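One-letter residues, chain by chain:
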Amino acid sequence: MGSNRKPRKTMIVEVKGKPPRHTSKEEIRAIVHAAAMLLNYHNKQLVSEVLQVKEQLPHIIPIIKVYIVEKIGPAKSKTGLEVKEPAGVAMPHLAKIQILRKQNGLSRLEQKAEFATILLHEILHLFTEWKRDEWTISTLTAKLKPDVMKLAATLAANTYQRAAWFAHGKISYAKGKGDAYNNEQFDNFLTTKGTKKEN
């Protein structure tokens, strides 16, 4: 029997609240998308997606919500580690993150690199297939951050240029009568730098 379920659409990232002065909403979205892309590549899923499938709701669009807030109460990890003033908190079953703009006037979150580290750390808490204790997540954050930030930097840098290309794709890129390939697609010789040797 065929299924009436609609195919799952792409992931959505919502950023709520005022971002810190050093990081734009586009950059926050780029970091979340880059991290999710990398994790999906390695077959890691959002905890919330797994729960949706168990509830027979795989057609629901996965949404990650990032809330930039002024205050977060004391938190306790699943392993019992208590943090009186956490810089960020993840709620995996809701695919939701809270992250502070400032931490009691301290300069830690005033540093762009540290804000990105905390954001990535909380994103990792949203995904499955490893222990979500703080030591494991902190270690993975350290190891994955270089690759995630490379992807995120590319996404953030050309956000509006790509948006313009997609908009033109509806109108000005149309060929008119007939159809054909545009050989300009072969003018760029960029490719991956993999480990497979050429013959």
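To be clear, the structure that these remarks concern was listed above.
A brief look at the structure comes next.

What counts and what doesn't
- Residues numbered from 1 in each chain as written.
- Predicted model: local features only at pLDDT ≥ 70, side-chain atom pairs only at ≥ 80, totals over all residues.
- Heavy atoms only, no water.
- Helix = DSSP H or I, 4+ residues; strand = E, 2+ residues; numbered from the N terminus.
- Buried < 20%, exposed > 50% of the residue type's maximum accessible area, 1.4 Å probe, protein only.
- Contact = heavy atoms within 4.5 Å.
- Areas by Shrake-Rupley, 256 points an atom, 1.4 Å probe, with all protein chains shown as cover.
- Core = buried A, V, L, I, M, F, W, Y, C linked by side-chain atoms within 4.5 Å.
- Pairing = 2+ DSSP bridges.

**Some details on the overall build of the protein chain**
Within the protein chain, the regular secondary structure consists of five helices and six strands. The N-to-C order of helical and strand elements in the protein chain reads β-α-α-β-β-β-β-β-α-α-α. Counting the 199 residues in the protein chain, one finds 33% classified as buried. The contacts in the protein chain between residues at least 6 apart in sequence include a share of 66% that link residues at least 24 apart. Within the structure as shown, the protein chain displays about 14300 Å² of accessible surface, and the carbon and sulfur contribution to it stands at 55%.

**What about the nonpolar core?**
Ile64, Val66, Ile123 and Val148 are the most contacted members of the largest nonpolar core, which totals 35 residues. The set of elements that each furnish at least two residues to this core consists of strand 1 (12–16), helix 1 (25–41), strand 2 (63–69), strand 6 (96–100), helix 3 (112–125) and helix 4 (134–157). Here this core gets nine residues from one element, more than from any other, and that element is helix 1. Judged by nonpolar contacts, the second largest core, of five residues, contains Val69, Ile72, Val89 and Met91.

**Let's talk about unusual backbone geometry**
Peptide bonds are trans in most cases, and residues, glycine excluded, mostly fall at negative phi. Unusually for a residue other than glycine, Asn43 sits at a positive phi of about 65°. You can see Asn43 is positioned in the loop between helix 1 and helix 2 (47–54). Judged by its relative accessible area of 60%, Asn43 falls in the exposed class. A positive phi angle, near 55°, is found at Ala95, a position not held by glycine. You can see Ala95 is positioned in the loop between strand 5 (88–91) and strand 6. The buried category is assigned to Ala95, whose relative accessible area is 1%.

**Points about the pairing of strand 5**
Covered by surrounding structure in strand 5 are Gly88 and Ala90 together with Val89 and Met91, the residues of both alternating faces. Bridge count between strand 5 and strand 6: four bridges; the pairing is antiparallel. Each bridged residue has a counterpart across the sheet, and for Val89 the counterpart in strand 6 is Gln98. Adjacent in sequence and paired antiparallel, strand 5 and strand 6 are bridged by four residues, among which Ala95 carries a positive phi angle near 55°.

By themselves, these observations are geometric and do not establish any function.
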